[in-house]
Amino acid sequence: MSADAMTCRKVSEIYLDNNATTAVLPGAADAVLQCMQQDFGNPSSTHSTGIKAKALLEHSRKLARQLLGADNGDIIFTSGATEGIQTSVLSALLAIRERGLAGPDTLLLYGATEHKAVPESLKHWNCLLQLNASIRAIPVLINGLLDLEALAELLPKAALVCTMAANNETGVPQDLQAIEQLLNQHNADAYWLVDCVQALGKMPLNLAASRIDYAPFSGHKLYAPKGIGFLYVRKGAPYQPLITGGGQEGGLRSGTENLPGIAALNYIFQQLLDPEHSIFVGSNQLYQYREQLLAALRQLFPALVLNSDLPQALPTTLNFSVPGFFAKDILDLFDAAGIRVSSGSACSSKVTGSFVLDAMGLERWRSEGAIRLSFGPAFSQAECEQACQRILSLVSVVKQHGLVLTDGDPLNIPTSSGLYQFKHDACCSYLLLCQQSRQALIIDPVLALTERLSNIVQSRGLKLVAVLETHIHQQAGQAALLLRQLFSGQQFDQTGWPQDQQQLHIGPYQLSRIATPGHSPLAYSLLLKQAGELKAAFVGDLLLPGGIGRTDLAGGDALMLQHSLQQLAAQLYPETLLFSSHDYAQRFVTRLSLALQESPLLESLLAGAPQQQWQQVLNQQCWQLQQASSHLCGYVEVANDDAIALLQSAQLPDLLAEPGLVVLDVREPYEQSAGALNRYLPLSAEVLEVPLSRLCDAVLQQQLQPEQSLLLVCRSGNRSLLAARVLRRLGFSKLWNLQGGVALLS
């Protein structure tokens with residue numbers, strides 16, 4: 001492997017997200033610099049400098065033709081694939097309109113796993129051109145290939161068909177020959193757009209021998225800079241410029257050409273056309289890299305499931321899920337260790353779940369837990385070995401924190417006593433753990449978290465005392481039933497409370513309960529004491545952080561809810577921490593005093609206001625509370641942050657030098673183990689490792705004090721900002737949040 005490819009990336013960073021973007025190869029970067037500083041002429045100029053620029057432009061076009069097998073048709077340099085898609089769709093739809101095709105009987109088809117740029121472009125131009133055609137997704141099979149039978153049924157009414165050469169999330173290449181055969185059989189007049197972004201350099205292309213009308217490409221997916229791409233248009237296919245003006249590119253795309261970007265493509269094209277001397281490796285070697293990486297991943301996650309596999313996948317893409325893990329768990333773990341992977345398309349990174357895997361019909365847990373690992377044809381054996389070593393270095397981390405079951409001695413795995421709060425969407429589950437007595441208790445388990453909770457209990461050799469539910473609407477939840485299989489020989493009621501016991505004991509903790517129906521007919525609030533002192537209450541959906549439980553569900557009773565609230569309030573101190581089974585606004589916890597401030601309705605209920613005065617307001621308030629969750633962006637709650645200082649990295653040295661400052665690392669324990677904070681910060685201040693799942697316990701145990709000066713940090717700055725907001729509500733006033741998190745320091 002040449003030094004050209006080896007120096008692409010930082011040594012400390014294992015970059016395995018090439019389907020999103022790639023580093024610019026040194027040879028390509030040299031070509032860019034040469035073009036910017038020496039051969040910088042405008043290709044439209046007629047003097048010698050311009051003529052040299054024009055020669056570079058046309059030589060690059062010639063190489064593109066050779067590479068694609070496109071000895072006819074047009075090669076148009078663009079800003080990237082999105083522009084190429086837009087131009088192609090616009091050109092095709094204008095021609096369709098001129099042919100008199102419009103209305104709902106005219107179909108515009110796209111693969112159900114297509115990149116969002118395609119269906120969104122279809123919607124945009126279909127509306128703008130007032131075609132009012134029907135836009136339909138072509139279903140895919142469970143292996144990601146298009147359902148050719150369904151396509152054959154749709155084709156007679158199709159005017160435009162959009163497919164991919166290879167999928168960006170799964171690496172599944174489509175059978176272009178089979179699709180072409182169906183087009184020829186059922187509708188030879190339909191136009192055909194093939195997104196070739198993930199195909200270049202990874203699979204053979206011979207466009208002139210096909211009936212593909214449009215094929216967009218993007219440079220930054222194959223070691224060229226961002227902002228450069230090209231579009232193939234078959235000879236005779238309709239074409240209309242998206243950008244007009246000076247008539248560059250033979251009048252097909254105006255605007256001065258991005259010659260530095262084209263120079264980089266020129267270098268890439270040369271490498272691809274000369275495989276004997278290229279820095280790019282062949283498919284056989286790429287398959288070997290894939291097997292090495294997969295073997296390392298299986299050692300880390302023995303239960304790993306591939307979401308696309310050979311032969312229906314290119315060797316450069318590994319898409320997998322792990323039972324019990326959400327994508328974010330693995331992303332955070334890998335990122336802390338300096339391994340860069342993704343949960344799917346970079347353009348959809350904030351979306352929960354993969355629409356690609358959903359379209360394939362895979363189970364929801366696989367969609368929500370999907371991780372994409374991708375490398376490129378310039379990947380080297382040295383890089384592969386380094387990546388495998390880094391992945392294998394995490395084996396001890398996932399075992400240490402009970403993320404996977406192991407055969408190791410659980411007594412040698414360190415544990416921390418106290419309360420853990422786990423969240424899935426708006427649902428909250430709780431684990432109370434005592435290290436000394438090796439006991440555990442689970443409250444309000446969520447089905448999506450059962451494997452995680454089960455792994456923690458089993459890997460640490462804990463005795464599960466009970467699995468409790470604060471309320472039952474119809475029958476015991478499936479999550480609780482599954483977890484109760486971890487212990488046997490004990491009789492308990494429908495909510496999981498052991499029969500003939502008034503209190504449950506977990507080391508220094510005591511748990512009792514009072515009946516609090518209203519939100520549901522069978523409901524209890526659980527009172528937590530430590531050394532005889534009331535510390536907290538688990539109140540189910542009776543009282544939420546920021547509102548009161550609904551009574552418009554099956555079995556709900558407003559008068560009973562009012563009575564239950566009065567009963568509960570009589571047991572509490574104003575500052576008792578209250579934990580709910582749902583948290584729609586990312587507040588984590590509340591107190592009775594806070595609840596009274598945030599919900600004037602609660603005060604009227606506790607004062608005994610008549611039902612008719614508050615029932616309608618109650619349901620409306622809770623509906624609004626749930627709707628608010630749809631306006632949240634990831635972990636970030638829409639709130640007033642005036643009391644939270646947003647700190648930029650340049651301000652760090654001064655703040656870290658302040659006496660009394662405590663750095664609060666809110667990453668999860670497995671992240672902290674995979675990437676210690678001192679890798680990123682020159683730390684002289686005290687550091688407390690308090691992950692979000694333990695934040696409320698730190699307040700409960702007074703590990704954090706309201707008068708402390710706290711600098712909160714996490715990977716991206718989002719979780720630390722959320723933690724700062726939680727602490728702010730609880731009375732902490734000296735708070736700083738590191739904007740961008742440690743990711744900007746790495």
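Each chain has its residues counted from 1, following the order in which its sequence is written. In keeping with the model being predicted, local features are shown solely for residues with a pLDDT of at least 70 and side-chain atom pairs are shown and tallied solely at 80 or more, while totals for entire chains, interfaces and linings include all residues. Note: side-chain values were computed over all heavy atoms of the structure, leaving out hydrogens and water.

K.L.:
Just to check I follow, could you spell out the packing of aromatic side chains for this structure?
P.N.:
The geometry of an aromatic ring pair is captured by the separation of the ring centres together with the interplanar angle, meaning the angle of the planes. Two rings from Phe, Tyr or Trp (for Trp, the six-membered ring) form a pair when their centres are within 6.5 Å of each other. A pair whose planes differ by under 30 degrees is stacked, one over 60 is edge-to-face, and the rest are tilted. A full pass over the atoms with the stated rule returns 13 aromatic pairs. Arranged with centres 6.5 Å apart and planes meeting at 15°, the rings of Phe301 and Phe334 form a pair that is stacked. In this pair, Phe301 is assigned in the loop between α9 (283-300) and β9 (305-306) and Phe334 in helix α10 (residues 327-336), connecting sequence segments 33 residues apart. A single burial state applies to Phe301 and to Phe334, both of which are buried. Note on Phe538 and Phe579: the rings are 5.5 Å apart at their centroids and 25° apart in plane angle, and the pair reads as stacked. On the criterion of sequence distance, the pair formed by Phe538 in strand β21 (residues 533-540) and Phe579 in strand β24 (residues 577-580) is long-range, its members being 41 residues apart. For the pair Phe538 and Phe579, one class covers both residues: buried. Three or more aromatic residues link up through ring pairs in this structure, and these residues are Phe217, Phe230 and Phe269. Sitting over a ring, as applied to charges here, requires NZ of Lys or CZ of Arg to be within 6 Å of the ring centre and within 35 degrees of the ring normal. A cation over an aromatic ring shows up here: Arg452 above the ring of Phe325, its NZ or CZ 5.1 Å from the ring centre. Of note, Arg513 hangs over the ring of Tyr524, and the distance from its end group to the ring centre comes to 3.9 Å. Secondary structure elements are defined from DSSP: runs of H or I of at least 4 residues count as helices, runs of E of at least 2 residues count as strands, and each element is numbered from the N terminus. Buried, partly exposed and exposed residues are distinguished by accessible area as a fraction of the type maximum, computed with a 1.4 Å probe on protein chains only: under 20%, between the cut-offs, and over 50%, respectively.

K.L.:
Whenever I open this one, the sheet that holds strand β15 (residues 439-443) confuses me. Can you help?
P.N.:
Within a sheet, adjacent strands bond to each other through the backbone by hydrogen bonds, running parallel or antiparallel. A pair of strands is labelled paired if DSSP reports no fewer than 2 bridges between them. Across the sheet, which stays open at both edges, the four strands sit in the order β13-β14-β15-β16 with mixed pairing between neighbours. Taken across any chain shown, the strands that pair with only one partner, and hence form the sheet edges, are β13 (418-424) and β16 (463-468). Direction aside, the axes of adjacent strands within the sheet are offset by 15° on average. Of the pairings in the sheet, the one linking strand β14 (residues 427-434) to β15 comprises five bridges and is antiparallel in character. From the neighbouring strand, Cys434 faces β15, where its bridge partner is Gln439. Between N-to-C directions, angles span 0 to 180 degrees; the directions come from axes that are lines fitted to C-alpha atoms, helices contributing only their stretch in contact.

K.L.:
It is not clear to me how the side chain of Ser374 should be interpreted in this structure. Could you clarify?
P.N.:
In this fold, Ser374 is placed in strand β12 (residues 371-374). In this structure Ser374 comes out as buried when scored by relative accessible area, which is 0%. For this analysis, a polar contact is any N or O atom pair within 3.5 Å, provided that within protein one partner can donate a hydrogen and the other can accept it, and provided that sequence-adjacent residues contribute only side-chain to side-chain pairs. Here Asn19 takes part through its backbone nitrogen, which lies 2.9 Å from a polar atom of the side chain of Ser374. We call two residues in contact whenever any of their non-hydrogen atoms come within 4.5 Å of each other. The residues touching Ser374, leaving out its near neighbours within four places in the chain, are Leu16, Asp17, Asn18, Asn19, Thr316 and Thr317.

K.L.:
Can you walk me through the sheet that holds β9 in this structure?
P.N.:
Across the sheet, three strands lie side by side as β9-β10-β12; this open sheet has antiparallel pairing. On the outer flanks of this sheet lie β9 and β12, each paired with one strand and no other. Bridge count for strand β10 (residues 317-321) against β12 is four bridges, and the pairing is antiparallel. Among the inter-strand pairings, Thr317 is bridged to a residue of β12, identified as Ser374. In the packing of α9 onto the sheet, contacts are made with β9, β10 and β12, and the angle to β10 comes to roughly 20°.

K.L.:
I tried to follow the pattern of salt bridges on my own but got confused; where do I start?
P.N.:
When the charged atoms of two side chains with opposite charge come close together, those side chains can pair. Salt bridge criterion: a side-chain nitrogen from Lys or Arg within 4 Å of a carboxyl oxygen from Asp or Glu. Within this structure, the stated rule accounts for 26 salt bridges. Where Glu120 meets Lys123, a salt bridge forms, and the shortest distance between an N and an O atom there is 3.3 Å. One end of the pair is Glu120 and the other is Lys123, both in helix α5 (residues 117-128) and three residues apart, which spans about a single turn. Exposure remark for Glu120: the relative accessible area of 42% places this residue in the partly exposed category. For the salt bridge of Lys328 with Asp332, the shortest nitrogen-to-oxygen distance reads 2.4 Å. Note that Lys328 and Asp332 are positioned in helix α10 at a spacing of four residues, about one turn of the helix. Put simply, Glu13, Lys328, Asp332, Asp335, Arg340, Glu671, Arg715 and Arg719 are held in one network by salt bridges that share partners.

K.L.:
I keep staring at helix α8 (residues 259-273) and nothing clicks. Help me out?
P.N.:
Helical periodicity: at 3.6 residues per turn, an α-helix aligns residues three or four positions apart in one direction. Compared with the 21 Å implied by 1.5 Å per residue over 15 residues, the 20 Å span of α8 between its first and last C-alpha is a close match. Most of α8 sits out of view: twelve of its 15 residues are buried. The opening residue of α8, the one whose side-chain oxygen lies 3.1 Å from the backbone nitrogen of Gly261, is Asn258. Expected helix span is computed as 1.5 Å times (number of residues minus one).

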